[in-house]
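Structural characterization, general
So the chains spell out like this:
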Amino acid sequence: LANAKPTGSDVVPAQPGSKSAAVSKLTLREITEQTLLQQLAPVGALVNGQGDILYLHGRSGTYLEPAQGDAGINNILKMAREGLKRDLTLALHKAALSGDAVRSLDLRVKTNGHFTQVNLHVCPVRTPNSSALESPLYLVMLEEARTPEAMAVPARIALATRLPDSANDTDGAEPLANGDMQASAQIADLREQLRTKEEYLHAANEELETSNEELKSSNEEMQSVNEELQSTNEEMETSKEELQSINEELATVNAEMQAKVVDLSRANNDMNNLLAGTGIGTIFVDHLLRILRFTPAVTQVIHLILSDLGRPLGHIACNLVGYDKLVSDVQSVLKTLSPKVEEVKTTDDRYFTLRILPYRTLDNVIEGAVITFVESTEVVRARVALLAASELTRLAVVVRDAHDAITVQDLDGRTIAWNPGATRLYGWTEAEALALNVRQRIPDELHTEALKQVRKLAESVSLEPCQTVRLNKGGQRLSITLTSTALVNEFGRIYAIATTERLGPGHDGD
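Every chain's residues receive numbers from 1 upward, in the order its sequence appears when written. Totals for whole chains, interfaces and linings use all residues, but because this is a predicted model, local features are given only for residues with pLDDT of at least 70 and pairs of side-chain atoms are given and counted only at 80 or more. By convention in this description, side-chain values take in all heavy atoms of the structure and omit both hydrogens and water.

1. Considerations on a negative patch on the surface
Convention followed: Within this analysis, patches are made of residues with over 30% relative accessible area and no salt bridge. Like charges are joined at 9 Å or less; nonpolar side chains (Val, Leu, Ile, Met, Phe, Trp, Tyr) at 5 Å or less. Note on areas: Shrake-Rupley, 1.4 Å probe, and residue coverage restricted to the protein chains presented here. Criterion for a salt bridge: a side-chain nitrogen of Lys or Arg within 4 Å of a carboxyl oxygen of Asp or Glu. Charge counting follows a simple rule: Lys and Arg are positive, Asp and Glu are negative, and His as well as the terminal groups are ignored. For the purpose of locating charges, the reference atoms are NZ of Lys, CZ of Arg, CG of Asp and CD of Glu. Working definition: with a 1.4 Å probe on protein chains only, accessible area under 20% of the residue-type maximum means buried, over 50% means exposed, and in between means partly exposed.
Together, Glu234, Glu235, Glu237, Glu241 and Glu242 give the surface a local cluster of negative charge. Classification of Glu234 as partly exposed rests on a relative accessible area of 48%.

Laid out in structure tokens, this is it:
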């Protein structure tokens, strides 16, 4: 302490402007504490309950040495020198059990060929944050004993107690007393060593029992983990079998799906060929009237290309004449679910039967509409011809029984009907008249006038009776009264001209 005591100059207050004026009281305190630690503090080590070194202070080479084996070993029990390991182990164990500081004095520690008297202190570390530590910590302090000849102290004390009381004692008693004191000291030392060893063995037995209990608990845990792993393994085996079964089922389902894909592809090809082969123009639209699919034949009616898929139906141009209700009719069918049929005509005089039907799935769900165009040009023309033939037949009956001359000629002037009254008036038989053209019965100077009459007739169904001149079979000029009527088909077109002719009031017979 005399060496650590500060001199008078160290405690003199700093004068203003002096070099030490910048040193604060806290710095002086730190300097003082560091000097005291350097002079008085022993070697210290912060360890856990197993002896693992967490922090080392001071020169510990006198008491500790590197342990053999792995260079990473940093355990104070394994690094303790000869004469220290046993007492250090016992003291650390006692401190861990009791929670109190443990001291062992005057230990003989072998250091570089000689023994050093060492005092050992082990105390638990108690701080405000001790509860936050993962495991209890202990401070191991080692310091050299103050009495170098401490081992001789018991003998000296015993020798002092056995000195003769007076000078009258004989000289022969001194060797005997010395021998008894040495024997007593050895016995006491042996008893102390025996006691220490018994404590060490007791602590070792307790540690062994604790270790056995921990091993037993670990063994039970390992058995439990082993059973769990075995159960898990069995579950994994079961799962493996289930997965293998599921894999086989998936392989079967995959094979069935592949077969269905092939069948579906074949059915799709058959449907495409069927739609293309029938020549029926078909368009499939969804609820928003977007084109989903169409057949090539429909391009004759509506101008569609592949890039039109997905476009609204109303954006596509068509070549229909007199029909512009396609979009509204499709919307009406989707709303009422009632089919709609229309007869439509294209700009190139072709007729189609338009059908609009709801598109139903197998589950009877409406997903859009189907629009079909079936060409009916020949049917329409045949119907028109049939109607015309029927009309002509009825007209022929009337014409045959009429007294006036009744004829029918097409727009090119060819005679297509000739009744008996015409034969009586003009002299040509029916067979001869059907080979004639109306121009052959009109004088040359009246051809222009007759053409004007035909043009007027095109603007109206019939003309008022007029007086004109016609030629008979013999070439004679006949003054007649002529009534012309246009024959119109169901589409409002004139296809022939019917005439009623009789002798006029001014007929002179030449």
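2. Remarks on the environment of Ala95
Defined as follows: Under the DSSP-based scheme used, a helix requires at least four consecutive residues in state H or I and a strand at least two consecutive residues in state E, with every element numbered from the N terminus. Whether two residues are in contact is decided by their heavy atoms, any of which lying within 4.5 Å being enough.
As for its placement among the helices and strands, Ala95 is situated in helix 4 (residues 85–98). For Ala95, a relative accessible area of 0% corresponds to the buried category. Separated by 26 residues in sequence, Ala95 and His121 place their C-alpha atoms 9.9 Å apart. In contact with Ala95, other than residues within four places in its own chain, are Asp100, Val102, Val122, Pro124 and Tyr138.

3. A word on unusual backbone geometry
If you check the backbone angles, Asp106 has positive phi at about 55° while not being a glycine. Mapped onto the fold, Asp106 is located in strand 3 (residues 102–111). Residue Asp106 is classed as partly exposed on the basis of its relative accessible area of 34%. Despite not being glycine, Leu337 has its phi angle at roughly 60°, a positive value. One can find Leu337 in the loop between helix 7 (326–336) and strand 9 (340–346). Taking relative accessible area as the criterion, Leu337 reaches 35% and is therefore assigned partly exposed.

4. Concerning the layout of surface pockets
Unfilled space is identified by rolling a water-sized probe across the atoms. Rules: With a 1 Å grid spanning the protein atoms alone, the term cavity applies to any set of points in which a 1.4 Å probe fits but cannot get out, the term pocket to an open set with protein on both sides within 12 Å along at least five of seven lines, and the term lining residue to any residue with an atom within 4 Å of a point. Grid points are joined across faces, edges and corners, and a volume is the space filled by probe spheres set on the points. The classification used treats Ala, Val, Leu, Ile, Met, Phe, Trp, Tyr, Cys and Pro as nonpolar, Asp, Glu, Lys and Arg as charged, and all other residues, Gly among them, as polar.
Counted as a void, the second largest pocket has a volume near 520 Å³. Around the second largest pocket sit 26 residues that line it, and Gln409, Ile442, Ala450, Leu451 and Val454 are the ones nearest its centre. Where the lining of the second largest pocket is concerned, the elements lending two or more residues are strand 12 (405–410), helix 11 (447–459), strand 14 (466–471), strand 15 (477–488) and strand 16 (494–503). Broken down by element, the lining of the second largest pocket gets its largest block of residues, seven residues, from helix 11. Class assignment for the residues of the lining of the second largest pocket results in 12 nonpolar, eight polar and six charged.

5. Quick word on the environment of Val384
Tracing the backbone through its elements, the reader meets Val384 in helix 8 (residues 377–401). When near neighbours in sequence (up to four residues on either side) are disregarded, Val384 contacts Asn489, Glu490 and Phe491.

6. Things to note about the packing of aromatic side chains
To keep it simple, the criterion reads: Working definition: rings of Phe, Tyr and Trp (its six-membered ring) pair if their centres are within 6.5 Å, and the pair is stacked with planes under 30 degrees apart, edge-to-face with planes over 60 apart, and tilted otherwise. Note on criteria: charge over ring means Lys NZ or Arg CZ within 6 Å of the ring centre, with the direction from the centre no more than 35 degrees off the ring normal.
Evaluation of the coordinates by the stated rule reveals three aromatic pairs. Centre to centre, the rings of Phe284 and Tyr359 are 5.9 Å apart; their planes meet at 85°, and the pair counts as edge-to-face. Residue Phe284 is found in strand 6 (residues 281–285), and its partner Tyr359 is found in strand 10 (residues 351–360); the two are separated by 75 residues along the sequence. According to the relative accessible area criterion, Tyr359 is partly exposed, its value standing at 34%. Ring geometry for Trp418 versus Trp428: centroids 6.5 Å apart, planes at 75°, classification edge-to-face. With Trp418 in strand 13 (residues 415–418) and Trp428 in the loop between helix 9 (420–426) and helix 10 (430–434), the pair connects residues that are 10 residues apart, well separated along the chain. For Trp418, a relative accessible area of 5% translates into the label buried. Overall, Trp428 belongs to the buried group, its relative accessible area being 12%. Of note, Arg108 hangs over the ring of Phe115, and the distance from its end group to the ring centre comes to 4.1 Å. The cationic tip of Arg441 hangs over the ring face of Tyr426; the distance from NZ or CZ to the ring centre is 4.9 Å.

7. Section: the pattern of salt bridges
In this structure the tally under the stated criterion is 14 salt bridges. The closest approach of N and O atoms between Arg290 and Asp286, which form a salt bridge, is 2.9 Å. For Arg290, a relative accessible area of 37% translates into the label partly exposed. In the salt-bridge network here, residues are joined through shared partners; they are Asp410, Asp412 and Arg414.

8. Here we look at the pairing of strand 1 (residues 43–48)
For clarity, the cut-off: A pair of strands counts as paired when DSSP detects no fewer than two bridges linking them.
The buried count for strand 1 comes to five of six residues, which makes it a mostly enclosed element. Pairing geometry for strand 1 and strand 5 (residues 137–144), over six bridges, is antiparallel. Counted as the bridge partner of Val43 is Leu142 from strand 5. Pairing geometry for strand 1 and strand 2 (residues 53–57), over four bridges, is antiparallel. Within the sheet, the bridge partner assigned to Gly44 lies in strand 2 and is His57.

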